[in-house]
Structure formats: structure tokens, C-alpha cells
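# Residue-level structure breakdown
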Amino acid sequence: MKWIKFLFEIDKKPRRGLIAAEWVVMAYCGLTLLLMLFTWTKLPDPEPMLWGRFRFVVSTAALWAVYRMVPCRFTIFCRVALQMALLSWWYPDTYSLNCIFPNLDPFFASLEQSVFGFQPALVFAQQWTAPLWSELMYMSYSSYFLLITIVASYYFLWRYNEFGRTAFVILASFYAFYTVYVLLPVTGPQYYYLAAGLDNIARGVFPDVGDYFMTHDEMMTMPGYADGPFYQFMVQAHNAGERPTAAFPSSHVGITFILLLLAWRSGSRRLFWLVLPFLLLMCLSTVYIRAHYAIDIAAGLVSGLILYSGMQAVYNLAERHAP
């Protein structure tokens, strides 16, 4: 009974318009819609993208209407949950937009070579082949959305007054990463190495692949213990939604770092110590499975810190000027 009362407790001051988390997704929708209109003839399949945005607006408006009828915690949770769930839809959309721009992998692979003298994404999995290590890497990488759910749910259940802020910081950070991915086309090793040829990569030669990714989305066979359950889960997840996009910076690392900072802010040290090892493993696993260059990890940590601080400041400013 206590949980039912908690979920359906009516907000004392219900918001009339969209919440901050919805506004940030609306802004991203509008920004990418403008980009679509200016590049319509270059896009591979713009009509489904347009209708997808229409469905997003309709579903967001529908849940807003439900909240206006029943302005309780549960309907707020549903509004945020919808935007979280749509992250997996918006992600491949970045590929549909960024493939019209010149691919930048040769620059990043060359930078990687100059920093390390070799390609960590190529060597790492070749040196660490034990099944237990492989499964640990794939387990940590696949924990991404589970960690988001745990941290957001903790705030909803035990720090409800901070739930709106937390949802905004997570979603706004995601769409900041997505904006970078649209404008900065880097596919990452799992795609570029295959397109460029492993012989070239091993010799430190990084050719320009032109508009290869306009018509190709094949990726390398994932390294590691192929019979492991976490390996098989990641193969299915990649086949379902992965695209040659979103390599620099690593949003897996950046968002997980943000989750760690949110866990610290929550005051729950248990939550903090739960997230911390996953951040450390995430920094390794993204390179191990060849989703990212090693320099993407450093960029992910830096951008995560900047986005966490910046989005907190933006939320505070918006709250001060809210009607």
C-alpha cells in the first residue's frame, strides 16, 4: 500500500508544460529536423526519419496529456521512461545523418598510432584471450543501460525531489553526444579496420575510405570467447541496433562517468561503489571489443565531467526562470 500511495501521490505543483528532460529531446528533434531539410536529397532514406520524429512528438504529447489528467509521480516516471526508451531509436538515426559527411576515422586512427605507436583496439583482444576475461569485458559493456536504470530509479524512489534534475542531466548529456556524432563522423575500429583492411592497419597505414559507409555497415567479427553468454548477447544487440557511428568521444564512458557523479551526489555510497568498478571496466571493454579507439576513452571522461557540470548549471538556470 505504501508503494501505491507513493506512486500515485498527486504533485502539489503540477507542471503545465513539458518537463526539462522532454524539452532537451524536443530541441534535438528540431535541430536534426533542420539538418534533414537542408540535406534531404543526400539522405539515404529520409521519409522514415521524418515519420519517426512525428511519432515521437505525438507520443510525448500523449503522455503529457495523461499527466495533466493524473499529475502524479507514476505519470512523471512514464514521461521520463519514454524518453529513456527512445535513446535506442535515436542512436542509429545519427548514422543516417552523419554518413553524408566525410569520414574522419583515418585522422583518429593516425592520432592513435602517433600516441601509442600501435592500435590498442587491434592488439588488446589479441593479447587477452581467456574466456573469463572476455566475458568480463562483454558483461561490463552490456551493463550500460542497466546502470542508467539503476541510478535513475534510485533517484525516483529515494530522492524524488532530484529525479527531474537527474533525468535531465542524463538525457541532455546523451543528446549532446548524439549531436557530436552527427557532426563528427567517426565509426570506430570495428568498422574502419574492416573498411581499410587489417593489413593496412597493422602496417600503420590508414587510407581514406571516401563514402564507403554510405552503402556499407558491415563490422568486424567481435573478438573474444564466442561461446560466452555475454558475448552472444552483445552480438545480438549489435546486429539489432549498431551502426557505423558514435566513436568519438565514447558515450559509454562519458555517461557511465556521469552516472558515477550522480551516484556520489545521491549520498548513497553503496550506489557509488556499485557504479565505480563498471566505469573502470567500461574504459577497458570499449577498446577490447573494438568499439572505440583508446583516445575516445580519455575524451569520454573529459566530456562526461564537462557535461555533468554544464547540465547541472543549465538545469539550475532553467529552474530559476521557470514560471
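I will try to describe carefully the structure that is included in this document. Please read all numbers here as calculations on a predicted model, not as lab measurements.

### Re the packing of aromatic side chains
Evaluated as defined, the whole model comprises 35 aromatic pairs. Judged by centre distance (4.7 Å) and plane angle (80 degrees), the rings of Trp89 and Trp90 are edge-to-face. Taking relative accessible area as the criterion, Trp90 reaches 0% and is therefore assigned buried. Judged by centre distance (5.6 Å) and plane angle (75 degrees), the ring pair of Phe156 and Tyr160 falls under edge-to-face. A relative accessible area of 3% places Phe156 in the buried class. Within the aromatic cluster, the residues linked to one another by ring pairs are Tyr28, Phe56, Trp89, Trp90, Tyr91, Tyr144, Phe145, Phe174, Tyr175, Phe177, Tyr178 and Tyr181. The ring centre of Tyr160 lies 4.4 Å from the NZ or CZ of Arg73, which sits over that ring.

### Focus: the pattern of salt bridges
This model, assessed by the stated rule, comprises four salt bridges. Ionic pairing is found between Arg265 and Glu162, a salt bridge with its closest N-O pair at 3.1 Å. One end of the pair, Arg265, is in helix α15 (residues 251-266); the other, Glu162, is in the loop between α9 (144-158) and α10 (163-183), and 103 residues separate them in sequence. Assessed through its relative accessible area of 33%, Arg265 is described here as partly exposed. The exposure class assigned to Glu162 is buried, which follows from its relative accessible area of 18%.

### Quick word on the nonpolar core
By size, the foremost hydrophobic cluster in this structure holds 98 residues, and its most contacted members are Trp90, Phe174, Tyr175, Tyr178, Tyr192 and Leu259. With 13 residues, α10 is the single largest residue contributor to this core. Beyond its immediate stretch of four places on either side in the chain, Tyr192 contacts Asn103, Asp105, Pro106, Ala109, Thr187, Ile201, Phe206, Pro207, Val209, Phe213 and Tyr293.

### Some details on the packing of α9 against α15
Between α9 and α15, whose axes approach to 10 Å, the crossing angle comes to 25 degrees. Between α9 and α15, the angle is such that the two are roughly parallel. Relative to α15, the crossing made by α9 is left-handed. Contact residues: α9 offers Tyr144, Leu147, Ile148, Val151, Tyr154 and Tyr155, while α15 offers Ser251, His252, Ile255, Thr256, Leu259, Leu262, Arg265 and Ser266. Of the residues assigned to the contact of α9 with α15, the class counts are nine nonpolar, four polar and one charged.

Cut-offs and rules
- Residues numbered from 1 in each chain as written.
- Predicted model: local features only at pLDDT ≥ 70, side-chain atom pairs only at ≥ 80, totals over all residues.
- Heavy atoms only, no water.
- Phe/Tyr/Trp six-rings, centres within 6.5 Å; stacked < 30°, edge-to-face > 60°.
- Buried < 20%, exposed > 50% of the residue type's maximum accessible area, 1.4 Å probe, protein only.
- Lys NZ or Arg CZ within 6 Å of the ring centre and 35° of its normal.
- Salt bridge = Lys/Arg side-chain N within 4 Å of Asp/Glu carboxyl O.
- Helix = DSSP H or I, 4+ residues; strand = E, 2+ residues; numbered from the N terminus.
- Core = buried A, V, L, I, M, F, W, Y, C linked by side-chain atoms within 4.5 Å.
- Contact = heavy atoms within 4.5 Å.
- Axes fitted to C-alpha atoms, helices over the stretch in contact; angles between N-to-C directions.
- Parallel < 35°, antiparallel > 145°, perpendicular 65-115°, else oblique.
- Left-handed = near helix turned anticlockwise from the far one by under 90°.
- Nonpolar A, V, L, I, M, F, W, Y, C, P; charged D, E, K, R; others polar.

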